Amino acid sequence: MERANGSTSSGFLLLGFSDRPQLETPLFVVILMGYVLSCLGNGTIILLSLRDPRLHTPMYCFLSNLSFMDLCLTTCTVPQTLANLKGRDKTITYGGCVTQLLIALGLGGVECVLLSTQKGVARPAELVSMDEAALL
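Residues numbered from 1 in each chain as written. Predicted model: local features only at pLDDT ≥ 70, side-chain atom pairs only at ≥ 80, totals over all residues. Heavy atoms only, no water.

- As recorded in an unreviewed UniProt entry, the chain goes by the name Olfactory receptor 2B8, listed as coming from Puma concolor.

As structure tokens, then:
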């Protein structure tokens, strides 16, 4: 007589620091402080580049877009990490995990594209002279 496993799983169980639960609270505080500082710093850059007319240049437009992408990327991952550190339920559903993964990968890819265009935004004249030298 065969016995089948009747249990079902709707997500992943995140073990984390299950063998050292005393580390969860200090780690929660450190990650929360880093997240708040990141949000404040990126928000300040975005707000200042929008409010000050002297900063309406391509470089500051690029910088505010990069700050927005960084803000989105950290907001994609950190709240779930904080919830798993402090809450009793240390699980994430398959759908939630895949969604978080795809959003993080997409935002990380966009941030890489933004960073690769930094040279052209920061010093466009130098980039043109490099292109002309390559043609000769």
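Moving on from the model shown.
A few points about the overall build of the chain
So, point 1. Secondary structure assignment for the chain yields 5 helices and 2 strands.
So, point 2. Within the chain, the proportion of its 136 residues that are buried is 20%.
So, point 3. By element, 68% of the accessible surface of the chain is carried by carbon and sulfur atoms, the whole surface being about 10000 Å². (Helix = DSSP H or I, 4+ residues; strand = E, 2+ residues; numbered from the N terminus. Buried < 20%, exposed > 50% of the residue type's maximum accessible area, 1.4 Å probe, protein only. Areas by Shrake-Rupley, 256 points an atom, 1.4 Å probe, with all protein chains shown as cover.)

Things to note about the UniProt feature "transmembrane region" (unreviewed entry) in the chain
So, point 1. If you check UniProt for "transmembrane region" (unreviewed entry), the listed places come out as residues 27-50 in our numbering.
So, point 2. A distance of 34 Å separates the end C-alpha atoms of residues 27-50, which is 100% helix and 0% strand. (UniProt positions renumbered as here; feature names shortened; annotations may be inferred.)

Side note on the nonpolar core
So, point 1. Counting 6 residues, the largest nonpolar core consists of Phe 62, Leu 66, Met 69, Cys 76, Leu 107 and Leu 114.
So, point 2. Contributing elements (two or more residues each) for this core: helix H2 (58-86) and helix H3 (94-116).
So, point 3. A per-element tally of this core places H2 first, with 4 residues.
So, point 4. Filtering out sequence-adjacent residues up to four positions away, Met 69 remains in contact with Leu 107, Val 110, Glu 111 and Leu 114.
So, point 5. Counting 5 residues, the second largest nonpolar core, distinct from the first, contains Phe 28, Tyr 35, Leu 82 and Leu 85. (Core = buried A, V, L, I, M, F, W, Y, C linked by side-chain atoms within 4.5 Å. Contact = heavy atoms within 4.5 Å.)

Topic: the confidence of the model for the chain
Close inspection of predicted coordinates is inappropriate in any region flagged by low pLDDT.
So, point 1. The predicted model of the chain averages 83 in pLDDT, with 81% of residues at 70 or higher.
So, point 2. Mean pLDDT across the elements of the chain ranges from a minimum in helix H5 (residues 124-135), with 58, to a maximum in helix H1 (residues 24-51), with 94. (pLDDT = per-residue confidence, 0-100.)

Overview of the packing of aromatic side chains
So, point 1. Applying the stated rule across the entire model yields 0 aromatic pairs.
So, point 2. Lying over the aromatic face of Phe 28, Lys 86 brings its terminal NZ or CZ to 5.8 Å of the ring centre. (Phe/Tyr/Trp six-rings, centres within 6.5 Å; stacked < 30°, edge-to-face > 60°. Lys NZ or Arg CZ within 6 Å of the ring centre and 35° of its normal.)

A short note on H3
So, point 1. The first and last C-alpha atoms of H3 sit 33 Å apart over 23 residues, in line with the 33 Å expected at 1.5 Å per residue.
So, point 2. Every buried residue belonging to H3 is among Leu 107, Glu 111 and Leu 114, and all of these are buried. (Expected span 1.5 Å × (residues − 1).)

Digging into the pattern of salt bridges
So, point 1. Counted according to the given criterion, the structure contains 2 salt bridges.
So, point 2. Where Glu 24 meets Lys 90, a salt bridge forms, and the shortest distance between an N and an O atom there is 3.5 Å. Here Glu 24 is found in helix H1, whereas its partner Lys 90 is found in the loop between H2 and strand E2 (91-93), with 66 residues between them in sequence. The same class applies to Glu 24 as to Lys 90, namely buried.
So, point 3. A salt bridge links Arg 54 to Asp 52; the nearest nitrogen and oxygen atoms lie 3.1 Å apart. (Salt bridge = Lys/Arg side-chain N within 4 Å of Asp/Glu carboxyl O.)

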